[in-house]
Amino acid sequence: ETTGRNTWKSRTGFILAAIGSAVGLGNIWRFSYLTYENGGGAFLIPYLIALLTAGIPLLILEFGIGHERFGSAPLAFHKISPRWEWLGWWPLLFTMFGIVLYYSAVIAWCIDYLFFSTTLAWGDDPNSFFFNSFLQVTSSPFEIGAIRMPILIALLVVWVVNWIIIVRGVGPGIELANKIFMPLLLILTLALVFWSLTLEGAMVGVSAYLTPDFSKLSDPMVWVSAYGQIFFTLSLGFGIMIAYASYMPYESNMTGSAIITALANSGFSLLSGFGVFALLGFMSANQGIALEDVVQESIGLAFVAYPKAISLLGTAGPLFGVLFFLSLTVAGISSSISIVEAFVSGIEDKFAINRELLATLLCLLGFAGGLIFTTQGGLLWLDIVDHFINNYGLIVAGLLECLAVGWFFKIDIIRNHLNKVSKLQLGTWWNWIIKFALPIFLSIILVNQLFRELLGAYGKYSWESLIGIGWSWIGISLLLSFVLAVQPWKTSNHLQNGRGE
Ligand code: PHE
Ligand code: NA
């Protein structure tokens, strides 16, 4: 196929890039926190069920859509039916635009903390340092205050790195970066986990991590969290995996690649969970505070709990801190480039724009849009945007993907194609999951979320801020998606069929 389309140089490169997108800030911190909150080891049961019933089948679907329809999300959905093209744009405009802006800001915090680690700059109150000195958080998202210089500078660094990688293209840019980042991340993580496991009290933390509380399994919210985490962690419902799969040459064992990516991502989460809990166990032993209390007061905050632990490590603290924040930065950047690439890929497929110019414009836009998160109101914006993206963006996009392919398209075109190029064969059970099981699960989750939303405004925010930021963003991004979907394509010769027809 000589279409001039970008391609990966090797299947390994593709898998590393997919893992690079999947493994991110969510694996290291969000996963351990959810595990503890939701019953320790017993959370692994809903988590694994969600992985098998939703994560793996949907990742196979996204890889299948991208590879068979042979296009980024907008192009692939256009080829499913021009009436569905908007569904290719909406995740880019709503979910991804929101996520890339705050995700880059959190990476910027990590870079700042990498430097703070060298001098233990947070002193003896990391909590107050984070909220009052570093972020200087205001009391309402509309009170944005001033820009925080250290965050602004680090954010600029993040976008320059994103730009350098993306502008070089798929093979020489993204693939090469992940070939360096992923081994580096694995080494850093193994070192940190083993180090943490040798600390005094570590085993108490680990046993809390692994002690099941089966009573939690009857709580529906535990299941909602498990399904939500699987979407977020596998980068599903963003269009990223569709774009990445479209760069794969014809013979490529796509189903096998999906399973490797999913298992590597969850394996990484399980592994870092040991490190996080070992460290919490150490803090509890060292300060003589019950483990529950250590977890309660700090688990959600990589920027409070870890700094506390790092200070307690004595002379080895700065080294530990630098390694930890470096690992977060590397995990974050390999995810943020995947978001930008999904954008580049969608626009490049549709409009006659040169890739370098496009990458430059999008990185500038990303940096400019991210400025709000460098202000004193930034944390509040982040919290609201994250709430809307996780609870609506991903789930709705996943639900509509299943409906579009399962009900408005011949799903067997995708399945037969996957079976032709892959060693592992998908049975009709997969059709059944995409057509019935997932739409039902995801609708239940969605209705549940909507009810909770109507019963009380999220968090402590006013309805004005939720509507002004969250709901209006849903509306604007939907409108823009419809506008983009009716624009003419640069050429029509790539609009016809996929590779399987
Ligand atoms: N998968 C990432 C994580 O677990 C989250 C993410 C999704 C980041 C999509 C970027 C793009 O952290
Ligand atoms: Na992940």
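Quick note: structure is the one above.
Bear in mind that the values here come from a model prediction, so they are computed numbers and not experimental data.

**Observations concerning the state of the cysteines**
For step 1, the next point in the chain: In the structure shown here, the tally under the stated rule is zero disulfides.
For step 2, the next point in the chain: As a non-bridged cysteine, Cys-110 has Cys-363 as the owner of its nearest cysteine sulfur, 19 Å distant.
For step 3, the next point in the chain: Its relative accessible area of 6% is what places Cys-363 among the buried residues.

**Concerning the site of ligand 1**
For step 1, the next point in the chain: Near ligand 1 lie 14 residues; those nearest to it are Ala-22, Gly-26, Asn-27, Tyr-103 and Phe-232.
For step 2, the next point in the chain: In this structure, Gly-26 approaches ligand 1 through a main-chain N or O atom, which is 2.7 Å from an oxygen atom.
For step 3, the next point in the chain: When isolated, ligand 1 has an accessible area of 320 Å², and the protein chains bury 100% of it.
For step 4, the next point in the chain: Among the elements of the structure, helix H1 (11–22), helix H2 (25–37), helix H10 (220–233) and helix H15 (317–350) are those that each provide at least two residues to the shell around ligand 1.
For step 5, the next point in the chain: Among the residues making up the shell around ligand 1, the classes are represented as seven nonpolar, seven polar and no charged.

**Overview of the side chain of Ser-336**
For step 1, the next point in the chain: With respect to the helices and strands, Ser-336 occurs in helix H15.
For step 2, the next point in the chain: Overall, Ser-336 belongs to the buried group, its relative accessible area being 0%.
For step 3, the next point in the chain: Apart from the residues lying within four places of it in its own chain, the contact partners of Ser-336 are Val-100, Tyr-103, Ile-107 and Asn-162.

**Structural notes on the side chain of Thr-255**
For step 1, the next point in the chain: Within the secondary structure layout, Thr-255 lies in helix H12 (residues 254–287).
For step 2, the next point in the chain: Residue class for Thr-255 comes out buried when judged on its relative accessible area of 0%.
For step 3, the next point in the chain: Apart from the residues within four sequence positions on either side, Thr-255 is in contact with Ile-60, Leu-418, Ser-422, Leu-424 and Leu-426.

**Some details on the coordination of the sodium ion (ligand 2)**
Four donors placed tetrahedrally about a metal ideally form angles of 109.5 degrees, and six donors placed octahedrally ideally form angles of 90 or 180 degrees.
For step 1, the next point in the chain: For the sodium ion (ligand 2), every protein donor is listed as Ala-22 (O), Asn-27 (OD1), Thr-233 (O), Thr-233 (OG1) and Asn-265 (OD1), and the spread of their distances is 2.1 to 2.7 Å.
For step 2, the next point in the chain: Geometry at the sodium ion (ligand 2) is octahedral, judged from its six donor atoms and the angles of 81 to 175° they form at the metal.
For step 3, the next point in the chain: One chain supplies every donor to the sodium ion (ligand 2), and in sequence these donors are spaced A-x4-N-x205-T-x31-N.
For step 4, the next point in the chain: Residue Ala-22 is classed as buried on the basis of its relative accessible area, which comes to 5%.
For step 5, the next point in the chain: Residue classification places Asn-27 among the buried positions, given a relative accessible area of 1%.

**Here we look at the pattern of salt bridges**
For step 1, the next point in the chain: Applying the stated criterion to the full structure yields six salt bridges.
For step 2, the next point in the chain: Of the charged contacts, one joins Lys-350 and Glu-85 as a salt bridge, the two residues approaching to 2.7 Å between their closest N and O atoms. In this pair, Lys-350 is assigned in helix H15 and Glu-85 in helix H5 (residues 85–119), connecting sequence segments 265 residues apart.
For step 3, the next point in the chain: The buried category is assigned to Lys-350, whose relative accessible area is 0%.
For step 4, the next point in the chain: When salt bridges that share partners are traced, they join Glu-341, Glu-348 and Arg-355 into one network.

**What about the environment of Asn-38?**
For step 1, the next point in the chain: Mapped onto the elements, Asn-38 comes out in the loop between H2 and helix H3 (44–69).
For step 2, the next point in the chain: Only 2.9 Å separates the side chain of Asn-38 from the backbone oxygen of Leu-34, close enough to count as a polar contact.

**With respect to the packing of H5 against H15**
For step 1, the next point in the chain: As a packed pair, H5 and H15 sit with axes 8 Å apart at the nearest point and diverge in direction by 155°. Considering the angle they form, H5 stands roughly antiparallel to H15. Crossing angle aside, the handedness with which H5 passes H15 is left-handed.
For step 2, the next point in the chain: Across the contact of H5 with H15, the residue classes break down as 23 nonpolar, eight polar and two charged.

**Side note on a nonpolar patch on the surface**
For step 1, the next point in the chain: Together, Trp-407, Phe-408, Trp-432, Phe-436, Ile-440 and Ile-444 make up a nonpolar patch on the protein surface, roughly 700 Å² of accessible area in all.
For step 2, the next point in the chain: Mapped onto the elements, Ile-444 comes out in helix H19 (residues 428–455).

Parameters and conventions
Residues numbered from 1 in each chain as written. Chains lettered and ligands numbered in written order. Predicted model: local features only at pLDDT ≥ 70, side-chain atom pairs only at ≥ 80, totals over all residues. Heavy atoms only, no water. Disulfide = S-S within 2.5 Å. Buried < 20%, exposed > 50% of the residue type's maximum accessible area, 1.4 Å probe, protein only. Near = heavy atom within 4 Å. Polar contact = N/O pair within 3.5 Å; in protein donor to acceptor, adjacent residues only side chain to side chain. Areas by Shrake-Rupley, 256 points an atom, 1.4 Å probe, with all protein chains shown as cover. Helix = DSSP H or I, 4+ residues; strand = E, 2+ residues; numbered from the N terminus. Nonpolar A, V, L, I, M, F, W, Y, C, P; charged D, E, K, R; others polar. Contact = heavy atoms within 4.5 Å. Donors = N, O, S within 2.8 Å, 3.2 Å for Na, K, Ca; no water. Tetrahedral: all angles 85-135°; square planar, octahedral: opposite > 155°, others 65-115°. Salt bridge = Lys/Arg side-chain N within 4 Å of Asp/Glu carboxyl O. Axes fitted to C-alpha atoms, helices over the stretch in contact; angles between N-to-C directions. Parallel < 35°, antiparallel > 145°, perpendicular 65-115°, else oblique. Left-handed = near helix turned anticlockwise from the far one by under 90°. Patch = residues over 30% accessible without salt bridge, like charges linked within 9 Å, V, L, I, M, F, W, Y side chains within 5 Å.

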